[in-house]
Amino acid sequence: MEKKIKEKKLRPSKLTDTNTVFAKLSLLPSFLGVSVFFIIPFIIIIWYSFLDNPINKEFVFFKNYEILFKNNAFLTAAKNTLLLSAVAVPLAVVLSLGLASLLDSKIPCKSLFRTFFLCPMMVPVASVVLIWQVVFHYHGTLNAVLGEWFGAAPVDWMKSSKCMIVVVLLFLWKNLGYNMILFLAALNNIPKDLLEVAELEGAGRLYRLLHIKLRYLSPTILFVTILSLINSFKLFREVYLLTGDYPFEDLYLLQHFMNNTFRSLDYQKLSAAAMIMSLVMVLIIGIMFIAENKFGGDVEE
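Residue positions are counted from 1 within each chain, in the order its sequence is given. For this predicted model, a pLDDT threshold of at least 70 governs which residues receive local features, and a threshold of 80 or more governs which side-chain atom pairs are given and counted, while totals over whole chains, interfaces and linings are taken from all residues. Only hydrogens and water are set aside; all other atoms, that is, all heavy atoms of the structure, feed into the side-chain values.

Description of the overall build of the chain
In step 1: By definition, any uninterrupted DSSP run of H or I lasting at least four residues is a helix, any uninterrupted run of E lasting at least two residues is a strand, and each is numbered from the N terminus. Regarding its fold elements, the chain presents 13 helices and 0 strands.
In step 2: Secondary structure elements of the chain, listed N to C terminal, follow the sequence α-α-α-α-α-α-α-α-α-α-α-α-α.
In step 3: For 301 residues, the compact-globule estimate of 2.2 N^0.38 gives 19 Å, and the C-alpha radius of gyration of the chain, at 25 Å, exceeds that figure by more than 25%.
In step 4: For every residue, the accessible area obtained with a 1.4 Å probe (protein chains only) is divided by the maximum for its type, and the residue is called buried under 20%, exposed over 50%, and partly exposed between those limits. For the chain, the residues scored as buried account for 37% of the 301 residues in total.
In step 5: Across the chain, contacts joining residues at least 24 apart in sequence account for 68% of those joining residues at least 6 apart.
In step 6: Areas reported here follow the Shrake-Rupley algorithm with a probe of radius 1.4 Å; residue values treat only the protein chains shown as occluding. Surface accessibility of the chain: about 19300 Å² in total, with carbon and sulfur atoms responsible for 68%.
In step 7: Charged-residue counts in this description rest on Lys and Arg as positive and Asp and Glu as negative, His and the chain ends being excluded. Charge positions come from single atoms, namely NZ of Lys, CZ of Arg, CG of Asp or CD of Glu. Counting 28 positive and 22 negative side-chain charges, the chain places the averaged centre of each group 7 Å from the other. Only the C-alpha atoms count toward the radius of gyration. The rule for a globule is 2.2 Å times the residue count to the power 0.38. Only heavy atoms matter for contacts: two residues are in contact if any of them lie within 4.5 Å across the pair.

This is the structure we're talking about:
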């Protein structure tokens, strides 16, 4: 009798058991949605990247990729996009971690600082673009202030080699607050007794940061890095609203190239560019997962 009672207690409920027919049917709508809007289109893109065009459907192997790597517009867009991500993403991770560490320490007005850095998340994209246009226009606020206070000559920020600085500042202004909150939550989960013992044994701040805090923060660093990388590709909205279809050469991103290619209905070139972009993203994220697993895997265990 006791054995039957124990088996009954160990047996999962029908509502929580994932091996039942009901559970599998419940997943069906989500699976269909993902298949229709993600998996099937991705397979079609792979197929299109190896065709001459969608009408003739002549299989040309890697010819579209060869044409793409000889296209100056694509090479410029790829270089600018990689440069933007290479500069903006590390800055977003390091600065947000520094702000989180600052707010985690004993400083006054913590809630005020937290609110200040979270405010950009509540501002619509159109308003952000309007602010940046007012500040960084040739006749804008920044040039007026620099000219009046320092006697500097006006700079056309969005049509010069300094345009990437403007976009990186925009990216940081929009993303630092959310990343900071993620790091704050991770810092609060680090065992305080471990830090206290390390401090009592004479470990300095740098040692505690490198050997304790960063090891516990490694999953959050990975997540924030991937999130920032994705957001750096999404920055096309703001850049497009600021500069249009054909911006200054240093701001011509992959999304500009793909948007203009879509308008010309060059699907095979567009599909090849999308595949290259996907492979690069998978490679970068894979490297980050391997690094995080080696650096912080023992902490998670």
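Thoughts on the side chain of Glu238
In step 1: Take Glu238: it is sitting in helix H11 (residues 236-243).
In step 2: Owing to a relative accessible area of 3%, Glu238 belongs among the buried residues under this scheme.
In step 3: The contact partners of Glu238, leaving out residues within four places of it in the chain, are Val125, Val129, Leu170 and Lys174.

Focus: the packing of aromatic side chains
In step 1: Pairs were defined over the aromatic rings of Phe, Tyr and Trp, the Trp ring being its six-membered one, requiring ring centres within 6.5 Å. Orientation was assigned from the angle between planes: stacked under 30 degrees, edge-to-face over 60, tilted for the rest. Summed over the entire model, instances satisfying the criterion amount to 13 aromatic pairs.
In step 2: Taking 5.4 Å as the distance between ring centres and 45° as the angle between the ring planes, the aromatic pair formed by Phe236 and Tyr240 counts as tilted. Pair noted here: Phe236 and Tyr240 are both in helix H11, with a separation of 4 residues, about one helical turn.
In step 3: A relative accessible area of 17% means that Phe236 is categorised as buried.
In step 4: Accessibility expressed as a relative area gives 27% for Tyr240, which makes it partly exposed.
In step 5: Here the aromatic residues Trp47, Phe50, Phe59, Phe61, Phe62 and Tyr65 are joined through ring pairs into a cluster of three or more.

Notes on the pattern of salt bridges
In step 1: Here, a salt bridge means any Lys or Arg side-chain nitrogen found within 4 Å of an Asp or Glu carboxyl oxygen. In the structure shown here, the tally under the stated rule is 2 salt bridges.
In step 2: In this structure, Arg237 and Glu238 form a salt bridge, with 3.7 Å as the shortest nitrogen-oxygen distance.

Regarding the environment of Phe42
In step 1: Residue placement: Phe42 occurs in helix H2 (residues 21-48).
In step 2: When the C-alpha atoms of Phe42 and Met281 are compared, they prove to be 15 Å apart, with 239 residues separating the residues in sequence.
In step 3: The contacts of Phe42, once residues within four sequence positions are left out, are Met275 and Ser278.

Points about the packing of helix H4 (residues 72-104) against helix H10 (residues 205-234)
In step 1: Every axis in this analysis is a line fitted to C-alpha atoms, fitted for helices over the stretch in contact. Angles between the N-to-C directions lie between 0 and 180 degrees. Interaxial distance between H4 and H10 falls to 9 Å at its minimum, and their mutual angle equals 140°. Taken as axis vectors, H4 and H10 run oblique relative to one another. Considering how the two elements wind past one another, H4 and H10 form a crossing that is right-handed. Residue-level inspection shows Thr81, Leu84, Ser85, Val89, Ala92, Val93 and Leu97 of H4 in contact with H10, the latter providing Leu214, Leu217, Ile221, Val224, Thr225, Ser228, Leu229, Ser232 and Phe233.
In step 2: Among the residues forming the contact of H4 with H10, the class breakdown is 11 nonpolar, 5 polar and no charged. What sets the label is the angle itself: under 35 degrees gives roughly parallel, over 145 gives roughly antiparallel, 65 to 115 gives roughly perpendicular, and the rest give oblique. In this scheme the crossing of two helices becomes right-handed for a clockwise turn of the near helix relative to the far one and left-handed for an anticlockwise turn of less than a right angle. Each residue is assigned to one class: nonpolar for Ala, Val, Leu, Ile, Met, Phe, Trp, Tyr, Cys and Pro, charged for Asp, Glu, Lys and Arg, and polar for all the others, Gly among them.

Let's talk about the confidence of the model for the chain
In step 1: pLDDT: the predictor's confidence for each residue, scored from 0 to 100. Mean pLDDT for the chain: 81, with 92% of residues reaching 70 or above.
In step 2: In the model of the chain, helix H1 (residues 2-10) stands out as the element of lowest mean pLDDT, 49, in contrast to H4, which has the highest, 89.

Some words on the packing of helix H6 (residues 125-136) against helix H8 (residues 163-188)
In step 1: Where H6 meets H8, the closest approach of the two axes is 12 Å, and the angle between their N-to-C directions is 140°. Our classification of the angle between H6 and H8 gives oblique. The hand of the H6/H8 crossing is right-handed. Contacts from Val128, Trp132 and Phe136 of H6 reach H8 at Val166, Leu169, Leu170, Trp173 and Lys174.
In step 2: Class assignment of the residues belonging to the contact of H6 with H8 gives a composition of 7 nonpolar, no polar and 1 charged.

Re the nonpolar core
In step 1: Put simply, buried Ala, Val, Leu, Ile, Met, Phe, Trp, Tyr and Cys residues joined by side-chain atoms within 4.5 Å make one nonpolar core. In this structure, Leu84, Trp132, Phe183 and Leu217 are the most contacted members of the largest nonpolar core, which totals 44 residues.
In step 2: Elements with a contribution of two residues or more to this core: H4, H6, H8, helix H9 (192-200), H10 and H11.
In step 3: Broken down by element, the residue count for this core peaks at 15 residues, all from H8.
In step 4: Those residues in contact with Leu217 that sit more than four places away from it in its chain are Leu97, Phe183, Ala186, Leu187 and Ile190.
In step 5: In terms of nonpolar packing, the next biggest core, distinct from the first, is built from 25 residues, Tyr65, Leu68, Tyr252 and Ile285 among them.

Considerations on H6
In step 1: To estimate the expected span of a helix, subtract one from its residue number and multiply by 1.5 Å. Here H6 spans 16 Å end to end across 12 residues, near enough to the 16 Å set by a 1.5 Å rise per residue.
In step 2: Turning to H6, its buried residues are Val125, Val128, Val129, Trp132 and Phe136. Down the axis of H6, the sector holding all buried residues measures 95°, keeping them to one side. Those residues of H6 that are exposed and aimed more than 90 degrees away from the buried face are Ala126 and Leu130.
In step 3: Elements in contact with the buried residues of H6: helix H7 (141-150), H8 and H11. Our arc is simply the arc of the directions from the helix axis toward the C-beta atoms.

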